Amino acid sequence: MDRALAAAATVRGRTSPNPWVGAVVVPGGGSDLGGPSFVGVTAPPGGPHAEITALERAREARIDLTSATLYVTLEPCSHTGRTPPCVDAIVAAHLPRVVVGIGDPDPRVDGRGIAALRAAGVEVTTGVRAAQVADQLAPYLAHRRTGRPFVVLKLAATLDGRTAAPDGSSRWITGPAARLDVHRLRSRSDAILVGAGTVRADDPALTVRLPRGDPDWRDPSDQPLRVVLGQAPPAAAVRPALELGGDLGGVLDTLGERGVLQLMVEGGASVAHAFHRDGLVDRYVLYLAPALFGGSDARGMFAGPAAPTVTALWRGTVHSVTSLGGDLRVEIAGSPA
């Protein structure tokens, strides 16, 4: 399952609205974990699912599938969409055993895949590396359960929580390693959102710019959807972009209907406050530089009313802390206390 997880990570951001899934066929009942294995990952929409690719690679190597085990991060599908059901291919291959990370909450699957395999006499084990798989597929799971994207709010600040000087200057607070990581976060997202005020002030392109050869490199023709709250100037670098307005819940509904699984919110401070205030952020990613503005007149991460009392503070859980060339990347998940 660890191999399947690692394989799935290589196609994150490339499969939406389908989940990024990894599958591994292990010959000989799955006991020879140090031996050969045959890996598949989800292809872009319309292409084969991970299980199908893994099975095909095992067949090409003339592996006896009747004594092999298939490990897959997500429950195999049991319905016909752009491709035939994976369950049918597994049963037709006469695999005796399938190991599944987690069930698929998509209402077209939701236990039916596992039930169909068991009904066909396949031994199914579930829950292997379930926490890790659920974390990897958090955007997909959120979308299937709510119809809305998984919202990642990205913020870059000094250690005293400031994002810009009183005169508005802000480039660059963090160093090259942190900025490179931001591009990786963009690459793993289906859409990037900013407010029209940020577009007018900074004229960001909101594209993924990574060196060719980076695992998250994207071709210039294959970029995340760019979303502006409000109207961008005609010559703005962010164009072409989807311009939306109104209630943020409605914005998320619209993006969910377009198949956006992960939305990265990049600002500005008023937009960040609005998403935070409305409880719409699933994950906060803070890039913190070892620097201090040292005064109250520098601009903060959020522009809007703060929690009125200490008992009303939003509290989450630290998901991870990573050092990036002297800066810190702090990822926070959770719900209001």
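Residues numbered from 1 in each chain as written. Predicted model: local features only at pLDDT ≥ 70, side-chain atom pairs only at ≥ 80, totals over all residues. Heavy atoms only, no water.

A. Region of the structure containing the sheet that holds strand 10 (residues 242–244). The strand order across the open sheet formed by 8 strands is 10-9-8-11-6-12-15-14, and the pairing between neighbours is mixed. The strands lining the two open edges of the sheet, one partner per strand, are strand 10 and strand 14 (317–324). For this sheet, the mean angle separating the axes of adjacent strands, direction not counted, is 25°. Examined bridge by bridge, strand 6 (residues 150–158) and strand 11 (residues 262–267) share 4 bridges and lie parallel to one another. What sits directly across from Leu 153, in strand 11, is Val 265. (Pairing = 2+ DSSP bridges. Helix = DSSP H or I, 4+ residues; strand = E, 2+ residues; numbered from the N terminus. Axes fitted to C-alpha atoms, helices over the stretch in contact; angles between N-to-C directions.)

B. Structural context of a nonpolar patch on the surface. Nonpolar side chains collect at one region of the surface, where Val 318, Val 321 and Leu 328 lie side by side and expose about 250 Å² of accessible area between them. Relative to the assigned elements, Leu 328 resides in strand 15 (residues 327–333). Note on Leu 328: relative accessible area 35%, which makes it partly exposed. (Patch = residues over 30% accessible without salt bridge, like charges linked within 9 Å, V, L, I, M, F, W, Y side chains within 5 Å. Areas by Shrake-Rupley, 256 points an atom, 1.4 Å probe, with all protein chains shown as cover. Salt bridge = Lys/Arg side-chain N within 4 Å of Asp/Glu carboxyl O. Buried < 20%, exposed > 50% of the residue type's maximum accessible area, 1.4 Å probe, protein only.)

C. Fine view of the pairing of strand 9 (residues 225–229). Burial within strand 9 is extensive, with 4 of its 5 residues counted as buried. Pairing of strand 8 (residues 191–195) with strand 9, which is carried by 5 bridges, proceeds in the parallel orientation. Within the sheet, the bridge partner assigned to Leu 193 lies in strand 9 and is Val 227. Handedness of the strand 8-helix 8 (residues 196–202)-strand 9 crossover: right-handed. (Right-handed = clockwise from strand over helix to strand, strands pointing away.)

D. Seen up close, unusual backbone geometry. Residue Pro 240 is bonded to the preceding Arg 239 through a cis peptide linkage, with omega at 0°. Note that Pro 240 resides in the loop between strand 9 and strand 10. Backbone torsion omega between Gly 267 and Gly 268 reads 5°, so that peptide bond is classified as cis. As for its position among the elements, Gly 268 is in the loop between strand 11 and helix 10 (269–277). In this model, Arg 62 sits at a positive phi of 60°, which is unusual for a non-glycine residue. The topology assignment puts Arg 62 in the loop between helix 2 (50–60) and strand 3 (69–74). Phi is positive for His 94, which is not a glycine, with a value near 60°. For His 94, a relative accessible area of 56% puts it in the exposed group.

E. Layout of the nonpolar core. Counting 32 residues, the largest nonpolar core has Val 25, Leu 65, Leu 95, Val 98 and Leu 137 as its most contacted members. The dominant element in this core, judged by the number of residues it contributes, is helix 2, at 4 residues. For Leu 137, the contacting residues outside a window of four places in its chain are Pro 19, Trp 20, Leu 74 and Ile 102. With 29 residues, the next largest nonpolar core counts Val 151, Ala 157, Leu 286 and Met 301 among its residues. (Core = buried A, V, L, I, M, F, W, Y, C linked by side-chain atoms within 4.5 Å. Contact = heavy atoms within 4.5 Å.)

F. Region of the structure containing the sheet that holds strand 4 (residues 97–102). Across the sheet, 5 strands lie side by side as 2-1-3-4-5; this open sheet has mixed pairing. The sheet is open, and its two edges are formed by strand 2 (38–41) and strand 5 (123–126), each paired on a single side. Between one strand axis and the next, the sheet turns through 15° on average, direction left out of account. Where strand 3 lies against strand 4, 5 bridges are found, and the strand directions are parallel. The residue bridging Leu 74 from the neighbouring strand is Ile 102, located in strand 4. Against the sheet, helix 4 (residues 112–119) makes contact with strand 4 and strand 5, and its axis sits at roughly 150° relative to strand 5, the strand it touches most.

G. Spotlight on the environment of Gly 213. Its place among the elements puts Gly 213 in the loop between helix 8 and strand 9. By relative accessible area, which is 69% here, Gly 213 ends up exposed. C-alpha of Gly 213 to C-alpha of Arg 144: the two residues are 69 residues apart in sequence and 32 Å apart in space.

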